[in-house]
Amino acid sequence: DTGTSMTTLSRGLAEELRVRGIRRAGAAIDGTGRALPVEVGLLDRFVVGDVDLGAVPVLVVEEDALRLRDLYGGPERVSRGVLGLDLVAAFRMTLDPERSSVVFELPRGLPAGESVQCVRAEGRCLIPVVVEGVRLWFVLDTGASHSSLTISGMQALPGGEARAVPAYRRIRTVGGGLVAVREVRELVLRASEARFRSVTLPVVARDEGSVFPVHGVLGVDLLSGCRVTLDRGRARLEAVR
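Everything in this summary refers to the structure shown in the same document.

So, how was this worked out
Residues numbered from 1 in each chain as written. Predicted model: local features only at pLDDT ≥ 70, side-chain atom pairs only at ≥ 80, totals over all residues. Heavy atoms only, no water. Helix = DSSP H or I, 4+ residues; strand = E, 2+ residues; numbered from the N terminus. Contact = heavy atoms within 4.5 Å. Areas by Shrake-Rupley, 256 points an atom, 1.4 Å probe, with all protein chains shown as cover. Patch = residues over 30% accessible without salt bridge, like charges linked within 9 Å, V, L, I, M, F, W, Y side chains within 5 Å. Salt bridge = Lys/Arg side-chain N within 4 Å of Asp/Glu carboxyl O. Phe/Tyr/Trp six-rings, centres within 6.5 Å; stacked < 30°, edge-to-face > 60°. Buried < 20%, exposed > 50% of the residue type's maximum accessible area, 1.4 Å probe, protein only. Pairing = 2+ DSSP bridges. Core = buried A, V, L, I, M, F, W, Y, C linked by side-chain atoms within 4.5 Å. Disulfide = S-S within 2.5 Å.

### Details of the overall build of the protein chain
Looking only at helices and strands, the protein chain features 4 helices and 22 strands. Long-range pairs, those at least 24 residues apart, make up 60% of the contacts in the protein chain between residues at least 6 apart in sequence. As presented, the protein chain carries roughly 11700 Å² of accessible surface, and 51% of it is formed by carbon and sulfur atoms.

Rendered as C-alpha cells:
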C-alpha cells in the first residue's frame, strides 16, 4: 500500500510473529487523513520474495483498522498486514493489471522524460497530477478504493465549489472508511503518461498536511487501469485500457 507510511501488522499477527518491544507510538494518518492510534515494535526477520531485509520496525494496529472490502462485491475480507512505503521504496515496484501481478526488483531508476518526480511528505507519496489544466498534488494510494479531491483540490479547479454536486459514495481504505456527500464530475485527469476522461472525484474533507499541499488521492479505481512503476523517488503511470 503506497498510501501507508510504514509496514503495519494487526495486533493478532504481531503476537503470532512475536514482534518485540511493542510500545505506544501516538497516532499515524490513515488513508482518509484521520488520526489512527498506533504502536511500534521490531519484527526480527522480514523477507520480500528472495530479498531478506532482516529486522524491520513495524506499526501495530487493532484488527478492525485493517478491514478491507472486496471491490467486486464479495464478503468482507480482513487484511492482517500491509506492506508500507518504507519497504516499497527500497525496491523498483511495478503493478501490472494486464498480468495481474506485482513485481519487486532491484532499483535502477526511471528516465526523467518518461516519469514524474514523487514527493515524500508526512509519510505520504505524492505525485503531480493535472486536472482540468491545473497542476495539483495527489497522494498515490493503492490502498484507497476511490480517487478523490480534498477541499483545497476542489477549490483549485476552474469553477471551484460550484462544480461539486450532491452524491453518496462510500470510500474504503486501510484504516477505515467514510461516505462522501459531494463529487465533481466529467473531469479530465492526467498523471505521468496516463490520461483519464469523464472522471468523477468524490470530495473528501481530510487532513491535507502542514508541510506540503494535498489536493487529492489517486486510488485503485484509476490505478487499476494503469501499469504503475515506482523507482528511486520517481513514478511512471501508463494507461493499459
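### What about a nonpolar patch on the surface?
A contiguous nonpolar patch, built from Tyr 168, Val 179 and Val 181 and spanning about 310 Å² of accessible area, is present on the exposed surface. Note on placement: Val 181 falls in strand S18 (residues 176-191).

### Points about the packing of aromatic side chains
For the coordinates displayed, the defined rule picks out 2 aromatic pairs. For the pair Phe 91 and Phe 104, a centre-to-centre distance of 5.4 Å together with 70 degrees between the ring planes defines the contact as edge-to-face. On the criterion of sequence distance, the pair formed by Phe 91 in the loop between helix H2 (85-88) and strand S10 (92-96) and Phe 104 in strand S11 (residues 101-105) is long-range, its members being 13 residues apart. Judged by its relative accessible area of 29%, Phe 104 falls in the partly exposed class. Relative to Phe 212, the ring of Trp 137 lies with its centre 5.1 Å away and its plane at 85 degrees, an arrangement referred to as edge-to-face. With a gap of 75 residues between them, Trp 137 in strand S15 (residues 134-140) and Phe 212 in the loop between strand S19 (194-202) and strand S20 (216-218) connect regions that are remote in the sequence. Overall, Trp 137 belongs to the buried group, its relative accessible area being 14%. We classify Phe 212 as partly exposed; its relative accessible area is 23%.

### Digging into unusual backbone geometry
Within the chain, Glu 186 stands out as a residue other than glycine whose phi angle is a positive 55 degrees. For Glu 186, the position within the fold is in strand S18. Unusually for a residue other than glycine, Ser 198 sits at a positive phi of about 55 degrees.

### Observations regarding the side chain of His 215
Within the secondary structure, His 215 sits in the loop between S19 and S20. The exposure class assigned to His 215 is buried, which follows from its relative accessible area of 13%. Filtering out sequence-adjacent residues up to four positions away, His 215 remains in contact with Leu 136, Trp 137, Phe 138, Ser 148, Leu 149, Thr 150, Ser 152 and Gly 153.

### Considering the sheet that holds strand S12 (residues 116-117)
Reading across the sheet, the 5 strands line up as S11-S10-S21-S22-S12 and stay open at both edges, with antiparallel pairing between neighbours. The open sheet has two edge strands with one neighbour each: S11 and S12. Direction of pairing for S10 relative to S11: antiparallel, over a ladder of 5 bridges. Along S11, the bridge assignment pairs Arg 92 with Glu 105.

### Overview of the pattern of salt bridges
As enumerated under the stated definition, the model contains 18 salt bridges in all. Taking the shortest distance from any N to any O, the salt bridge between Glu 39 and Arg 11 comes out at 2.9 Å. Of the two residues, Glu 39 is situated in strand S3 (residues 35-43) and Arg 11 in helix H1 (residues 11-16); the sequence distance between them amounts to 28 residues. Residue Glu 39 is classed as buried on the basis of its relative accessible area of 15%. Looking at Arg 11, the relative accessible area reads 26%, which means it is partly exposed. Here Arg 99 ties to Asp 96 by a salt bridge, and the two come within 3.9 Å at their closest N and O atoms. For Asp 96, a relative accessible area of 8% translates into the label buried.

### What to know about the sheet that holds strand S1 (residues 8-10)
Strands sit in the order S2-S3-S6-S1-S9 across an open sheet of 5 strands; the sheet is mixed. At either end of the open sheet lies a strand with only one pairing partner, and these are strand S2 (20-29) and strand S9 (81-82). Pairing of S3 with strand S6 (residues 56-61), which is carried by 5 bridges, proceeds in the antiparallel orientation. Following the sheet pairing, Leu 42 is matched in S6 by Pro 57.

### Brief notes about the nonpolar core
Counting 34 residues, the largest nonpolar core has Ile 127, Phe 138, Leu 189, Leu 218 and Leu 237 as the members making the most contacts within it. Grouped together as the second largest cluster of nonpolar side chains are 12 residues, Leu 13, Val 19, Leu 43 and Phe 46 included.

### Some details on the state of the cysteines
Among covalent bonds in proteins, the disulfide is the one between the sulfur atoms of two cysteines. In this structure the tally under the stated criterion is 0 disulfides. Of all cysteine sulfurs in the structure, the one in Cys 118 sits closest to Cys 125, which takes part in no disulfide; the separation is 4.0 Å.

Bear in mind that shape data such as this cannot, by itself, settle questions of function.
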